[in-house]
Amino acid sequence: MTDQYDRPDGPLGRLTAARGSGDAAGGLVHVELDGTGDLIALDLDPRVMRLPSEDLAAAIREAFGTARAALQAALQEQLAAQPVTLPQGLGPLLNDLGFGAQRRLDDLTATAQQIADRLDRMGGAAPR
């Protein structure tokens with residue numbers, strides 16, 4: 001049995017099928033990313049090799065940034081068109097886990113505040 005999230009048309013399949021691309025240096029540098037943000041193409045026109053190394057590096061970073069922005073936009077568009085729904089029963093379980101973690105964090109924060117208050121009453125805070 002195939003998990004509905006693992007099918008090509010499921011959320012995971014749509015994520016990995018998404019693409020984002022970007023160009024820089026007048027189209028001499030082209031970058032393409034897959035849905036996980038992995039670099040799947042870096043195309044350099046031979047003419048770009050005439051650039052100083054700093055300019056070439058900047059062009060690659062620019063093309064990568066453009067590709068990443070395009071990928072993020074594509075993923076947001078996908079999510080808006082086909083929102084991901086949690087399997088039945090998972091939502092309440094995640095809520096319970098979140099509330100439990102928040103309670104523990106609140107307890108830790110209260111304990112840290114008690115320690116700080118005791119240090120203050122003892123005549124000063126611990127050295128920083």
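Above this note sits the structure.
Note that this is a predicted model, so its numbers are computed, not measured.

Quick notes on the rules
- Residues numbered from 1 in each chain as written.
- Predicted model: local features only at pLDDT ≥ 70, side-chain atom pairs only at ≥ 80, totals over all residues.
- Heavy atoms only, no water.
- Helix = DSSP H or I, 4+ residues; strand = E, 2+ residues; numbered from the N terminus.
- Buried < 20%, exposed > 50% of the residue type's maximum accessible area, 1.4 Å probe, protein only.
- Contact = heavy atoms within 4.5 Å.
- Areas by Shrake-Rupley, 256 points an atom, 1.4 Å probe, with all protein chains shown as cover.
- Core = buried A, V, L, I, M, F, W, Y, C linked by side-chain atoms within 4.5 Å.
- Pairing = 2+ DSSP bridges.
- Salt bridge = Lys/Arg side-chain N within 4 Å of Asp/Glu carboxyl O.
- Patch = residues over 30% accessible without salt bridge, like charges linked within 9 Å, V, L, I, M, F, W, Y side chains within 5 Å.

Looking now at the overall build of the chain. When helices and strands are counted, the chain shows three helices and three strands. Put simply, the chain runs from its N terminus to its C terminus through helices and strands in the order α-β-β-β-α-α. Taken across its 128 residues, the chain has 18% of its residues classed as buried. Within the chain, residue pairs in contact and separated by at least 24 positions form 43% of the contacts whose partners lie at least 6 positions apart. In the form shown here, the chain has an accessible surface area of approximately 9500 Å², with 56% of it arising from carbon and sulfur atoms.

Time to look at the nonpolar core. As a rule of thumb, nonpolar side chains are buried together in soluble globular proteins. Among the nonpolar cores identified, the biggest contains 12 residues, and these are Ala18, Ala24, Leu28, Val29, Val31, Leu33, Val48, Leu56, Ala59, Ala63, Ala67 and Leu71. Listed by contribution, the elements that provide at least two residues to this core are strand E2 (29–34) and helix H2 (53–81). With residues near it in sequence (within four places) discarded, Leu28 still touches Asp43, Leu44, Asp45, Arg47 and Val48.

Relative to E2, strand E1 (residues 19–24) runs antiparallel, the two sharing six bridges. By the bridge assignment, Asp23 is partnered in E2 with His30. In this antiparallel pair of consecutive strands, E1 and E2, the connection spans four residues, and Ala25 shows a positive phi of 55 degrees. Bridge analysis of E2 against strand E3 (residues 39–44) gives five bridges, and the strand direction is antiparallel. Of the residues in E3, the one forming a bridge with Glu32 is Ala41. Between the end of E2 and the start of E3, which pair antiparallel, lie four residues, with Gly37 showing a positive phi angle near 90 degrees.

Pairing between side chains becomes possible if they bear opposite charge and their charged atoms approach one another. Under the criterion given, the structure shown has two salt bridges. Linking Arg19 and Glu32 is a salt bridge whose minimum nitrogen-to-oxygen distance equals 3.9 Å. Of this pair, Arg19 sits in strand E1 while Glu32 sits in strand E2; the two residues are 13 residues apart in sequence, bridging distant segments of the chain. In this structure, Asp45 and Arg47 form a salt bridge, with 2.9 Å as the shortest nitrogen-oxygen distance. Judged by relative accessible area, which is 23%, Asp45 ranks as partly exposed. Looking at Arg47, the relative accessible area reads 46%, which means it is partly exposed.

The next point concerns a nonpolar patch on the surface. A surface patch of nonpolar side chains, about 360 Å² in accessible area, is lined by Leu39, Leu42, Leu44 and Met49. The topology assignment puts Met49 in the loop between E3 and H2. Met49 gets classed as exposed once you look at its relative accessible area, which sits at 53%.

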